[in-house]
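Descriptive analysis of the structure
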Number of protein chains: 2
Amino acid sequence: MIEISKVVVLGTGVLGSQIAFQTAWSGFSVTAYDINDTAIDQARLRLASLVKTYRKEVPGADAGQEAATLGRLSLSSDLATAVADADLVIEAVPEVIAIKRATYEKLAQLAPSKAVFATNSSTLLPSALKDFTGRPDRFLALHFANSIWKFNTAEVMGTSDTDPAVFDALIKFASDIGMVPIPIHKEKAGYVLNSLLVPLLNAAADLAAGGYAEPHDVDKVWRIATGAPMGPFQIYDIIGLNTPYNILLHGDAHAQQIAAWLKDSYIDKGKLGVASGEGFYSYPPAN
Amino acid sequence: MIEISKVVVLGTGVLGSQIAFQTAWSGFSVTAYDINDTAIDQARLRLASLVKTYRKEVPGADAGQEAATLGRLSLSSDLATAVADADLVIEAVPEVIAIKRATYEKLAQLAPSKAVFATNSSTLLPSALKDFTGRPDRFLALHFANSIWKFNTAEVMGTSDTDPAVFDALIKFASDIGMVPIPIHKEKAGYVLNSLLVPLLNAAADLAAGGYAEPHDVDKVWRIATGAPMGPFQIYDIIGLNTPYNILLHGDAHAQQIAAWLKDSYIDKGKLGVASGEGFYSYPPAN
């Protein structure tokens, strides 16, 4: 039986902070680790901002629960101390394999043998990392979405080496921290969400880049026919156009045509999506 | 200037009846044509049922508007009389090219030269039919979705022969009958909706048929991440599994694998979707 009570989150970027906060919010003892005092100071600001966000967006959030959450959450830049008694280490360090590798190689030495390691990586499969962990049977992917408190899926994906008991324990843990656990039975790049979203976004770009229909009309059809709140070009704007552009650039000749269209018609004009104030749609400034 | 006031709908099946009713509802004079008295009797039942549906689902529907609509709507099994003074003939006959061809060849003789012809075909491009119309410049596709009163898109798609003034007149007509007109600038099989939906549904089937994730989990991810009311397998159930199965059967080896999975796991067990009471989900009987 794998008991998880002490959780360490490595990396306090946008998602790492959210994972740490949501886990502490759900009653677990959490240590959020980052590499130095500057990063820890930024983490503190991120956590303070999450307190405000939860107050606004999470039903039932109040000062008591906020204080209790922060009481269960400590910050550390000392990896050895942070992981000394960890049951679960969730890794959310930058998506650079050299950084991930160095992190896991240190972790393999410092963490107790009982500790389960889980990567939040979006772009690397766990099998690309398992050999650095020293414990491939206690390693898997636990993949969260940004704005974890409302987009509360946790995709759980092991490798062929992952112990089924570890997989099951992480499904339960995901549920215990308020996520909807999504078991993925075999490794799949892009997990479930991107496996669905990428073909939809490509098909939409194809319609517009090919001159068949205007982005706003494509979105109208999708919204009316499926009842979805957003069409594919509204989703592009939220993701930001650079990410799909970079993926399409590395695709086949057809994908590269679509990439060229994105670049010429939008990216080169500074239309990058919501973050730049304009993409396929215009957005009013936030303030 | 193309003026549309007298509209004829050919074919009074599910969608033909809806097009005729919605057009009359919007104030146009409409003749709904079908091939014989039996078909006309069925059309009468369909129209009576639409009256009830509109009363329930269309805001502001009342007895007065219902009576006025039926007053503007006549039924006929005499093609020559039906189309004698038509401005617009919307063809919604069965999706069999021999039937469409015979219909257009008769129509070409019987309709006045001013009449615009529009096909509601989902599966045939207008260029496959234009040579039978005797007026390729006044012919295009006007494609409605089922449950026209709520899924109110009208995709307008011409061929290279379609007069731009005819295209524009149909965009205006679509708007005049309460549709959201979707101009499609070049012929595209599947129009906008199926060009988006098919890749999404294929990707979802791929995840489940490949053993990566369960249909219900795939749907959860999609609903939570995109805010859509339905995931791809809920959409499969509404469409019915036979249609995508038949399309996949004619695809490449990979598509055929997915087709085989649909057949073995669902279709052969009588799980055909909402209409059969079970598909990827179970549905309670309607009564």
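See above for the structure.
Residues numbered from 1 in each chain as written. Chains lettered and ligands numbered in written order. Predicted model: local features only at pLDDT ≥ 70, side-chain atom pairs only at ≥ 80, totals over all residues. Heavy atoms only, no water.

The next point concerns unusual backbone geometry. If you check the backbone angles, Y191 of chain A has positive phi at about 50° while not being a glycine. Secondary-structure assignment places Y191 of chain A in helix α7 (residues 191-209). (Helix = DSSP H or I, 4+ residues; strand = E, 2+ residues; numbered from the N terminus.)

Mapping chain A onto chain B calls for a rotation angle of 180° and an axial translation of 0.0 Å; the resulting RMSD is 0.1 Å. Taken together, the rotation and translation relating the two chain copies correspond to the operation of a two-fold axis. The position closest to the rotation axis in chain A is occupied by the C-alpha of A228 of chain A, lying 2.1 Å away. When the interface residues of chain A are mapped onto chain B, 100% of them again lie at the interface, so the same face is used by both copies. (Least-squares fit on C-alpha atoms with pLDDT ≥ 70 in both. Contact = heavy atoms within 4.5 Å.)

Our focus in this paragraph is the sheet that holds strand β1 (residues 6-10) of chain B. Sheets are built from strands paired through backbone hydrogen bonds, the pairs being either parallel or antiparallel. All names here are of chain B. Read across the open sheet, the 8 strands follow the order β3-β2-β1-β4-β5-β6-β7-β8; overall the sheet is mixed. Two strands close off the open sheet at either side, each with one partner strand: β3 (73-76) and β8 (180-184). Mean inter-strand twist for the sheet, computed between neighbouring axes without regard to direction, equals 25°. Direction of pairing for strand β2 (residues 29-33) relative to β3: parallel, over a ladder of 4 bridges. Of the residues in β3, the one forming a bridge with Y33 is S76. (Pairing = 2+ DSSP bridges. Axes fitted to C-alpha atoms, helices over the stretch in contact; angles between N-to-C directions.)

This brings us to the packing of α7 of chain A against helix α9 (residues 232-239) of chain A. All names here are of chain A. At a minimum axis distance of 9 Å, the contact between α7 and α9 shows a crossing angle of 110°. For the element pair α7 / α9, the angle class is roughly perpendicular. Between α7 and α9 the crossing geometry is left-handed. On the side of α7, the interface is formed by L197, L200, L201, N202, A204, A205 and A208, while α9 contributes P232, F233, I235, Y236 and I239. (Parallel < 35°, antiparallel > 145°, perpendicular 65-115°, else oblique. Left-handed = near helix turned anticlockwise from the far one by under 90°.)

A few words on the pairing of strand β4 (residues 88-91) of chain A. All names here are of chain A. Neither face of β4 is open: one carries L88 and I90, the other V89 and E91, and all of them are buried. Two elements, strand β1 (residues 6-10) and β4, share 4 bridges in a ladder whose sense is parallel. Each residue of the ladder has a partner; that of V8, found in β4, is V89. (Buried < 20%, exposed > 50% of the residue type's maximum accessible area, 1.4 Å probe, protein only.)

Moving on, we come to the environment of S76 of chain B. Residue and element names in this part refer to chain B. Structurally, the position occupied by S76 is in strand β3. Considered as a pair, S76 and Y33 are 43 residues apart in the sequence and their alpha carbons are 4.9 Å apart. Leave out the neighbours within four places in its chain, and S76 touches T31, A32, Y33, D34, I40 and A82. One polar contact links the side chain of S76 to the main-chain amide nitrogen of D78, over a distance of 2.9 Å. (Polar contact = N/O pair within 3.5 Å; in protein donor to acceptor, adjacent residues only side chain to side chain.)

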